[in-house]
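# Structural overview for review
Here's the letter readout for the chains.
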Amino acid sequence: GQNIDQPTEMTATEGAIVQINCTYQTSGFNGLFWYQQHAGEAPTFLSYNVLDGLEEKGRFSSFLSRSKGYSYLLLKELQMKDSASYLCAVKGGATNKLIFGTGTLLAVQP
Amino acid sequence: NAGVMQNPRHLVRRRGQEARLRCSPMKGHSHVYWYRQLPEEGLKFMVYLQKENIIDESGMPKERFSAEFPKEGPSILRIQQVVRGDSAAYFCASSPRPGQGYNEQFFGPGTRLTVL
């Protein structure tokens, strides 16, 4: 079966660091994506991991452990505009479609 | 460079009517994916198309839903005899090629369907 789990909601303070976890069980794995989605808007790409380890991109970093079926997205120096849903998605299957988790709604407070 | 375009952005239909959603992929992209996002839920894969071919429709409901991507023109997702449960945001994404590795799917702004 296909299963991707993320926390439903998180709250953090402006300027702080927050880690959003994602665990997955999928048939086939060709990489894991993180997307950001503001309310009423399209998902926008944040990061991609296919090998184990940490990928850093400015204030955002993403980590992958394939053996554990686990990833996290790390957001540093939080800003109010980071308040959004963060979607974990695994690319897999014969046609490489994206399988999404339900998303984590992050609220950044002053 | 225009991104993925979808229209209409908002669509209101009464139960029993047909809804037709259009998606124009990014220039140079020949692979289109449709996803549905129900309120308070994640995106769910519906169908994957290449020009004139349906490659994977495993996420598409068996009845009332159909999709096409003709040689010329946009991809169309058609929902016949809509019901209230079809109310959702429908996103289209395009990719230059869907193979292994980093092939990002670029998302359009979505069509928000409301069934009265």
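Our subject is the structure that appears above.
Remember, predicted model here, so these are calculated numbers, not experimental data. (Residues numbered from 1 in each chain as written. Chains lettered and ligands numbered in written order. Predicted model: local features only at pLDDT ≥ 70, side-chain atom pairs only at ≥ 80, totals over all residues. Heavy atoms only, no water.)

Take the overall build of chain A next. Counting secondary structure elements, chain A contains 0 helices and 11 strands. When the elements of chain A are put in sequence order from the N terminus, they spell out β-β-β-β-β-β-β-β-β-β-β. For a compact globule of 110 residues, the expected C-alpha radius of gyration is about 13 Å, and chain A comes in at 13 Å, within 12% of that figure. Overall, the C-alpha framework of chain A stretches about 45 × 30 × 20 Å when taken along its three principal axes. Split into buried and exposed, the 110 residues of chain A put 52% on the buried side. Carbon and sulfur atoms provide 50% of the accessible area of chain A, an area that totals close to 5,000 Å². Separation between the mean location of the 8 positive side-chain charges and that of the 9 negative ones in chain A comes to 8 Å. (Helix = DSSP H or I, 4+ residues; strand = E, 2+ residues; numbered from the N terminus. Rg over C-alpha atoms; globule rule 2.2 N^0.38 Å. Buried < 20%, exposed > 50% of the residue type's maximum accessible area, 1.4 Å probe, protein only. Areas by Shrake-Rupley, 256 points an atom, 1.4 Å probe, with all protein chains shown as cover. Lys, Arg positive; Asp, Glu negative; His and termini not counted. Charge placed at Lys NZ, Arg CZ, Asp CG, Glu CD.)

Attention now goes to the sheet that holds strand 7 (residues 65–68) of chain B. Neighbouring strands of a sheet are bound in pairs by backbone hydrogen bonds; such pairs are parallel or else antiparallel. All names here are of chain B. Strand order in the open sheet formed by 4 strands is 1-3-8-7, with antiparallel pairing between adjacent strands. Edge strands, defined here as strands with exactly one partner in the open sheet, are strand 1 (5–7) and strand 7. Taking each pair of neighbouring strands and ignoring which way they run, the sheet shows an average axis angle of 15 degrees. Where strand 3 (residues 19–24) meets strand 8 (residues 75–79), 5 bridges bridge the pair, whose relative direction is antiparallel. Across the sheet, the residue bridging to Arg-22 is Ile-76, located in strand 8. (Pairing = 2+ DSSP bridges. Axes fitted to C-alpha atoms, helices over the stretch in contact; angles between N-to-C directions.)

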